[in-house]
Amino acid sequence: MDYKNSGVDIEAGYKSVELMKKYVKETVRPEVLGGIGGFSGAFDLKKIKEMDDPVLLSGTDGCGTKVKLAFLMDKHDTIGIDAVAMCVNDVACAGGEPLFFLDYIACGKNYPEKIAQIVKGVAEGCKQSDCALIGGETAEHPGLMPEDEYDLAGFSVGIADRKDLITGEDIHDGDVLIGLASTGVHSNGFSLVRNVFEMTKESLNTSYDELEGKKLGDVLIAPTRIYVHALKAIKAAGIRVHGVSHITGGGFYENVPRMLHDGVKAVIEKDSYPMLPIFPLMQKKGDIDEHVMYNTFNMGIGMVIAAEKSDADAVIKAAESAGDKAYVIGRIEAGEKGVTLC
């Protein structure tokens, strides 16, 4: 009897590390110290000396049941982007610059080529956010998870000068709300998605006229948009935004109020931007109440920014310079803290 007979293949673990090294190297920043494979990741913080009052920020998350889609489609090279996006977008919401990321993959059985594809996606997400992948862990869980399944999570650490933190305290009556377009369902609401659509290879390979002829699986697995560059561009343009909300699980109703303080409410106009076709298709096919849709999904807007009305055009221009589509989708009014969709 040995460890391999018990279900844990140490040699496969070594091979996974070798296969993923080339992807990890592509994310290296000048501050990264040491090589790949140490017991911890090291990151030089000399740059904080340039800040008046440096503050560390962190975010941790996973991809939820979206991984089920990756299993069915046998496509594992983008799910890592989702894991990174869910963390770095949260850091960016607070005005932070993501510095580094670590991932954790739990699997029933270590298939090195599959693990390398997952890490390839993680590395791509890190590149999209200028974030270094400085470590991670792949753990085999025989008997706990099916051999062909895995779960993926991670966390990011970022930094901001205290004076640049986005806290929402400056939000006031008369501010505009600017929405940054999402790329699809992102990484939230997939438990509902999997009840609306039959999760089979045949179903996921079906093309829909409502989706402009695209296959359902391709639309659903589209990776979460990373908004780090958009927020950097807005800051570089000299614009002081008042609040930022990442539209994740809980949709508009849960996430928009998180950036508000008492005494102000957000008013969002539903027809102020072009909604991605996957959302009305899901609503119709699943006979889902509109409130549930806006309380579960991003509905085509992945991030909401509150800013001075006079800065609206400049915010949109800066976001678009980073490759994002941006729209004025509403306003801030005095009233009970919350969000109204009209």
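Whatever comes next refers back to the structure up there.
What this report covers is the structure whose coordinates are included nearby. In this text, all values refer to a predicted model and were calculated from it rather than measured experimentally.

## Describing the overall build of the protein
Per the secondary structure count, the protein includes 12 helices and 12 strands. Whereas a compact globule of 342 residues would reach a radius of gyration of roughly 20 Å, the protein reaches 21 Å, a difference of no more than 12%. With the principal axes as the frame, the protein shows a C-alpha extent of 70 × 55 × 30 Å. Looking at the protein as a whole, 51% of its 342 residues qualify as buried.

## Some words on the state of the cysteines
Tallied over the entire structure, the rule returns zero disulfides. Left unpaired, Cys63 is separated from the closest cysteine sulfur, that of Cys87, by 8.6 Å. For Cys87, a relative accessible area of 0% gives the class buried.

## Brief notes about the packing of helix α8 (residues 228–236) against helix α12 (residues 312–321)
For the pair α8 and α12, interaxial distance at closest approach is 8 Å and the crossing angle is 135°. Judged on the interaxial angle alone, α12 and α8 are oblique. In terms of crossing hand, the pair formed by α8 and α12 is right-handed. Along its contact with α8, which presents Ala230, Ala233 and Ile234, the element α12 presents Val315, Ala318, Ala319 and Ser321. Here the contact of α8 with α12 is composed, by residue class, of six nonpolar, one polar and no charged.

## Some words on the nonpolar core
Within the largest apolar cluster, 50 residues are counted, with the highest numbers of intra-cluster contacts made by Tyr150 and Ile305. Those residues in contact with Ile305 that lie beyond four places of it in its chain are Val176, Leu177, Ile178, Leu180, Leu231, Ile234, Val241, Gly243, Val244 and Val315. Counting residues in hydrophobic clusters, the runner-up holds 41 residues, among them Ile171, Leu177, Met199 and Leu204.

## Remarks on the sheet that holds strand β5 (residues 132–140)
As summarised here, the arrangement of the four strands in space is β3-β6-β4-β5, forming an open sheet in which the pairing is mixed. For this open sheet the edge positions go to β3 (54–62) and β5, each flanked by a neighbour on one side alone. Between one strand and the next, the sheet's axes are offset by a mean angle of 15°, whatever the strand orientation. In the packing of helix α3 (residues 79–93) onto the sheet, contacts are made with β3, β4 (97–107) and β6 (150–161), and the angle to β6 comes to roughly 30°. Along the sheet, helix α4 (residues 112–128) makes contact with β4, β5 and β6, crossing β4 at roughly 165°.

## Focus: the environment of Pro142
Looking at the element boundaries, Pro142 is found in the loop between β5 and β6. For Pro142, a relative accessible area of 34% gives the class partly exposed. Placed 95 residues apart in sequence, Pro142 and Lys47 show a C-alpha to C-alpha distance of 43 Å.

## Section: the packing of aromatic side chains
If you walk through the whole model with that rule in mind, you get five aromatic pairs. Judged by centre distance (6.3 Å) and plane angle (70°), the rings of Phe197 and Tyr208 are edge-to-face. Within this pair, whereas Phe197 is found in the loop between α5 (190–196) and α6 (201–204), its partner Tyr208 is found in the loop between α6 and α7 (216–220), the two being separated by 11 residues in sequence. Note on Tyr208: relative accessible area 16%, which makes it buried. Ring geometry for Phe279 and Phe297: centres 6.1 Å apart, planes at 50°, overall tilted. Residue Phe279 is located in helix α10 (residues 278–286), and its partner Phe297 is located in the loop between α11 (290–294) and β10 (301–307); the two are separated by 18 residues in the primary sequence. Of the two residues examined, Phe279 and Phe297, each falls in the buried class. One cation-aromatic arrangement involves Lys109 over Tyr111; the distance from NZ or CZ to the ring centre is 5.8 Å.

## Details of the sheet that holds strand β7 (residues 176–181)
The mixed open sheet is built from six strands, whose spatial order is β8-β10-β7-β11-β9-β12. Where the open sheet ends on each side, the last strands, each with one partner, are β8 (243–246) and β12 (338–341). Direction aside, neighbouring strands of the sheet carry axes that sit 25° apart on average. Looking at chain direction, β7 and β10 are connected through six bridges and run antiparallel. Counted as the bridge partner of Leu180 is Met303 from β10.

## Description of the layout of surface pockets
Of the pockets and cavities examined, the second largest pocket occupies roughly 410 Å³. Lining the second largest pocket are 21 residues, with Gly95, Gly96, Asp164, Leu231 and Lys235 positioned closest to its centre. Broken down by secondary-structure element, the contributors of at least two residues to the lining of the second largest pocket are β4, β6 and α8. Ranked by residues supplied to the lining of the second largest pocket, first place goes to α8 with five residues. Among the residues making up the lining of the second largest pocket, the classes are represented as 11 nonpolar, three polar and seven charged.

About the cut-offs
- Residues numbered from 1 in each chain as written.
- Predicted model: local features only at pLDDT ≥ 70, side-chain atom pairs only at ≥ 80, totals over all residues.
- Heavy atoms only, no water.
- Helix = DSSP H or I, 4+ residues; strand = E, 2+ residues; numbered from the N terminus.
- Rg over C-alpha atoms; globule rule 2.2 N^0.38 Å.
- Buried < 20%, exposed > 50% of the residue type's maximum accessible area, 1.4 Å probe, protein only.
- Disulfide = S-S within 2.5 Å.
- Axes fitted to C-alpha atoms, helices over the stretch in contact; angles between N-to-C directions.
- Parallel < 35°, antiparallel > 145°, perpendicular 65-115°, else oblique.
- Left-handed = near helix turned anticlockwise from the far one by under 90°.
- Contact = heavy atoms within 4.5 Å.
- Nonpolar A, V, L, I, M, F, W, Y, C, P; charged D, E, K, R; others polar.
- Core = buried A, V, L, I, M, F, W, Y, C linked by side-chain atoms within 4.5 Å.
- Pairing = 2+ DSSP bridges.
- Phe/Tyr/Trp six-rings, centres within 6.5 Å; stacked < 30°, edge-to-face > 60°.
- Lys NZ or Arg CZ within 6 Å of the ring centre and 35° of its normal.
- 1 Å grid on protein atoms, 1.4 Å probe; cavity = no way out; pocket = protein on both sides within 12 Å on 5 of 7 lines; lining within 4 Å.
- Points joined across faces, edges and corners; volume = space filled by probe spheres on them.

This is a description of form; function is not addressed.
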